[in-house]
Amino acid sequence: MESLIISTGVVALAEIGDKTQLLAFILAARFKKPLPIVLGILCATVVNHGLAGAVGAWITAAVSPEILRWVLGLSFIGMAIWTLIPDKIEEEETQVAKRLGVFGATLVTFFLAEMGDKTQIATVALAAHYAAPMMVVIGTTLGMLIADVPAVFVGDKLAGKIPMRLVHSIAAAVFAVLGVATLLGAGARLGL
């Protein structure tokens, strides 16, 4: 249950102000059809984070526990630093052929925008850390939806009222604590 809760919270915080949240704002403003946008976000996230969770599970099986501890600890600390750097949306990520429709455009752009994004990499690291990829993928998907669904419905009105620097600082602190705890072997002592 810890893997679900931590994954949900960390990704929800990390996603605020992220390029995929900005993409949700843009798609909502462009298409004004929230339901297909939300469904596109959900499907793209499940596939993208499902693949990331599988990579995390593979890493757990393929890498020795001592090396894994160092890789994960340093990855979490790297995620903390990355979270403090604001994202910018690339215009080409929003230019998907109109023939795909709202759902298709959202699915494709979200999937591509998430490739190599900090929330995808966090999913890999969390799945490897907790050795519970299914719970992590459910958690990271919920975190994405918690951050992105309100963006679809409320759009730019909400963006100006969220203290982005504070939210990013909290997410960075959580990643940093996970990194230091992992490096100190907290997971091994807890039976992870």
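Because the structure is a prediction, the values reported are computed rather than measured.

Participant: Teacher, can you tell me more about the overall build of the protein here?
Facilitator: Along the backbone of the protein there are ten helices and zero strands. Reading the secondary structure of the protein in the N-to-C direction produces α-α-α-α-α-α-α-α-α-α. Relative to its 192 residues, the protein shows a buried fraction of 46%. Once local pairs closer than 6 in sequence are excluded, the contacts in the protein between residues at least 24 apart make up 90%. A total of about 9200 Å² of accessible surface is found on the protein, and carbon and sulfur atoms cover 74% of it.

Participant: Before we go on, may I ask you to explain helix α5 (residues 101-114) in this structure?
Facilitator: Since there are 3.6 residues in each turn of an α-helix, residues three or four apart along the chain are aligned in direction. Spanning 14 residues, α5 covers 20 Å between terminal C-alpha atoms, matching the ideal 20 Å at 1.5 Å per step. When we look at burial in α5, the residues that qualify are V102, G104, A105, T106, T109, F110, A113 and E114. Buried residues along α5 sit against α1 (2-15), α2 (19-31), α3 (34-62), α6 (118-130) and α7 (133-154). Immediately downstream of α5, the backbone of G116 shows phi near 75°, a positive value.

Participant: How should I be thinking about the side chain of T106 in this particular structure?
Facilitator: Tracing the backbone through its elements, the reader meets T106 in helix α5. Note on T106: relative accessible area 0%, which makes it buried. Once you skip the residues sitting within four places of it in the chain, T106 turns out to touch L27, P36, I37, G40, I41 and F111.

Participant: Before we go on, may I ask you to explain the environment of V177 in this structure?
Facilitator: When you line up the elements, V177 lands in helix α9 (residues 164-183). What makes V177 exposed here is its relative accessible area of 58%. Taking the C-alpha atoms as reference points, V177 and F76, separated by 101 residues in sequence, lie 8.3 Å from one another.

Participant: So what exactly am I meant to see when it comes to a nonpolar patch on the surface here?
Facilitator: A cluster of nonpolar side chains, M1, I5, M134, M135, I138, L142 and I146, forms an exposed patch at the surface whose accessible area comes to about 710 Å². With five residues, α7 is the single largest residue contributor to the nonpolar patch. In this fold, L142 is placed in helix α7.

Participant: Even after reading the chapter, I still don't get the packing of α3 against α5, so can you show me in this structure?
Facilitator: For the pair α3 and α5, the least separation of the axes is 8 Å and the interaxial angle reads 35°. In this structure, α3 crosses over α5, and the sense of that crossing is right-handed. Residues P36, I37, L39, G40, I41, C43, A44, V47, N48, H49 and L51 of α3 form the contact with α5, whose participating residues are V102, F103, T106, L107, F110, F111 and E114. The residue inventory of the contact of α3 with α5, partitioned by class, reads 13 nonpolar, four polar and one charged.

Participant: Is there a simple way to think about α3 in this case?
Facilitator: An ideal rise of 1.5 Å per residue puts 42 Å on 29 residues; α3 measures up with 41 Å between its terminal C-alpha atoms. Those residues of α3 not exposed but buried are I37, V38, G40, I41, A44, T45, N48, H49, A52, G53 and G56. Buried residues along α3 sit in contact with α2, α5, α6 and α7.

Conventions and cut-offs
Residues numbered from 1 in each chain as written. Predicted model: local features only at pLDDT ≥ 70, side-chain atom pairs only at ≥ 80, totals over all residues. Heavy atoms only, no water. Helix = DSSP H or I, 4+ residues; strand = E, 2+ residues; numbered from the N terminus. Buried < 20%, exposed > 50% of the residue type's maximum accessible area, 1.4 Å probe, protein only. Contact = heavy atoms within 4.5 Å. Areas by Shrake-Rupley, 256 points an atom, 1.4 Å probe, with all protein chains shown as cover. Expected span 1.5 Å × (residues − 1). Patch = residues over 30% accessible without salt bridge, like charges linked within 9 Å, V, L, I, M, F, W, Y side chains within 5 Å. Salt bridge = Lys/Arg side-chain N within 4 Å of Asp/Glu carboxyl O. Axes fitted to C-alpha atoms, helices over the stretch in contact; angles between N-to-C directions. Left-handed = near helix turned anticlockwise from the far one by under 90°. Nonpolar A, V, L, I, M, F, W, Y, C, P; charged D, E, K, R; others polar.

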